[in-house]
Amino acid sequence: MPRYSFPKPKGSEITPRDVYLNRRHFIAGAMATGVGVSMVGTARAASAATQPLTFKQGAAPVLSDKPTARELATTYNNYYEFGTSKGEPAHNASTLKIKPWTVEIGGEVAKPRTIGIEDLLAMELEERIYRMRCVEAWSMVIPWVGMSFSKLASLVEPTSKAKYVKFTSAARPEEMPGVRSRILDWPYTEGLRMDEAMHPLTFLTLGMYGETLPNQNGAPVRIVTPWKYGFKNAKSIVRIDFVSEQPRTAWMTAGANEYGFYANVNPEVDHPRWSQKHERLLPAFFASRETEKFNGYGAEVTSLYSGMDLAANF
Ligand code: MTE
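Rules used in this analysis
- Residues numbered from 1 in each chain as written.
- Predicted model: local features only at pLDDT ≥ 70, side-chain atom pairs only at ≥ 80, totals over all residues.
- Heavy atoms only, no water.
- Near = heavy atom within 4 Å.
- Polar contact = N/O pair within 3.5 Å; in protein donor to acceptor, adjacent residues only side chain to side chain.
- Areas by Shrake-Rupley, 256 points an atom, 1.4 Å probe, with all protein chains shown as cover.
- Nonpolar A, V, L, I, M, F, W, Y, C, P; charged D, E, K, R; others polar.
- Phe/Tyr/Trp six-rings, centres within 6.5 Å; stacked < 30°, edge-to-face > 60°.
- Helix = DSSP H or I, 4+ residues; strand = E, 2+ residues; numbered from the N terminus.
- Buried < 20%, exposed > 50% of the residue type's maximum accessible area, 1.4 Å probe, protein only.
- Lys NZ or Arg CZ within 6 Å of the ring centre and 35° of its normal.
- Pairing = 2+ DSSP bridges.
- Axes fitted to C-alpha atoms, helices over the stretch in contact; angles between N-to-C directions.
- pLDDT = per-residue confidence, 0-100.
- Contact = heavy atoms within 4.5 Å.

(A) Molecular detail of the site of the ligand. Near the ligand lie 16 residues; those nearest to it are N77, Y80, E81, R222 and K235. Between the ligand and the protein, one listed contact pairs a nitrogen atom with a side-chain N or O atom of S169 at 3.0 Å. N233 places a main-chain nitrogen or oxygen 2.8 Å from a nitrogen atom of the ligand. Within the complex, 96% of the 540 Å² of free accessible area of the ligand lies under protein. When grouped by side-chain class, the residues that make up the shell around the ligand number seven nonpolar, six polar and three charged.

Laid out in structure tokens, this is it:
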């Protein structure tokens, strides 16, 4: 039995009080000062520690939906190291010390190395606006800043033995209250098959909305794979290993029948406890829309899975 699993989302549960209050605050502010000014003001207040980034526009499929308000994307989070409710990461994650921060990269590579966040930030960065779909059937549209993961991989030169990539998040009980209880098998780990990791859409993410990541969104570095459910996108990464065997992930350990290794967004394959056919593009908590296969990135990624049974390999 899983120690913890995502609840079936209900409309009544999906609007936590803090998000609701923020929306009211936003509406009040918008009436007083004009929408644009109010949005920038509240966004800055939510995460004073973030720094502006320099980047160019990256090549990503153009979306018809506008980016989600920054305020919502930074206050409605899943980050169990800081609590299991959506508002807790924004409240609790300021205790995470992100300076200094290094990422150890090793395993089946010719040039293992430890890289500091400053070195990653000094590389050429781009913005990619991605549609994101959580396994809990809500979605957002987020302007991420970072670089293709393949760029980082080229620095360490994976060998032919590298078949998968394993990502390990920080697990620091003294800074992360959730890690003091056994909600998941800490540290949070995730993984990708080598061809998925090297796909140009797979994004090593250092920022969002033009600034460095707020802690609750996975500062200082996380992974983003937009055609997969959000739980694949490990936050606050401290280790990256190129490995020969498929790694066991934290969510597979919690419940392998519910959270598979591939986790491709797929309306044809239901989660054992709820349908994946529809989703709510937040903040539209009640209006649901149809979920697209591979989260709308089918033209880019379908070929990765040719010949695979996606119901068996969920
Ligand atoms: N990474 C870590 N380390 N811990 C987590 O609890 N939650 C995952 C993923 N990465 C999680 C994590 C889940 S379930 C989702 S949906 C996304 O982060 C949420 O990312 P966001 O809060 O930036 O939207």
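(B) Spatial organisation of the packing of aromatic side chains. Under the counting rule described, the total for this entry stands at 14 aromatic pairs. On the basis of an interplanar angle of 75° and a centroid distance of 5.1 Å, the ring pair of Y76 and W138 is categorised as edge-to-face. Here the residue Y76 occupies a position in the loop between α3 (70–73) and α4 (88–92), and W138 occupies one in strand β5 (residues 138–148), the gap between them amounting to 62 residues. No difference in accessibility class separates Y76 from W138, as the two residues are buried. The rings of Y164, F261, Y262, F294 and Y305 are connected pair by pair, giving a single aromatic cluster. Across from the ring centre of Y76, 6.0 Å away, lies the NZ or CZ of K86, which sits over that ring. When the ring centre of F261 is taken as reference, the NZ or CZ atom of K232 above it lies at 4.3 Å.

(C) Quick peek at the sheet that holds strand β3 (residues 113–116). Read across the open sheet, the five strands follow the order β3-β2-β11-β6-β7; overall the sheet is mixed. Every other strand in the sheet has two partners, leaving β3 and β7 (189–193) as the edge strands with one partner each. Each neighbouring strand pair of the sheet contributes to a mean axis angle of 20°, computed without reference to strand direction. Where strand β2 (residues 102–107) lies against β3, four bridges are found, and the strand directions are antiparallel.

(D) Quick look at the confidence of the model for the protein chain. Confidence in the prediction for the protein chain averages 88 pLDDT; 85% of positions are at 70 or higher. In this model, residues 7–47 is a region of pLDDT below 50 whose contacts with residues beyond four sequence positions or in other chains number 48 contacts.

(E) Main features of the pairing of β7. Burial runs high along β7: five of the five residues are buried. In β7, alternate side chains face the same way, and those of T189, G191 and R193 on one face and E190 and L192 on the other are all buried. Bridging between strand β6 (residues 164–169) and β7 involves five bridges; their strand directions are antiparallel. By the bridge assignment for β7, Y164 is matched with R193.

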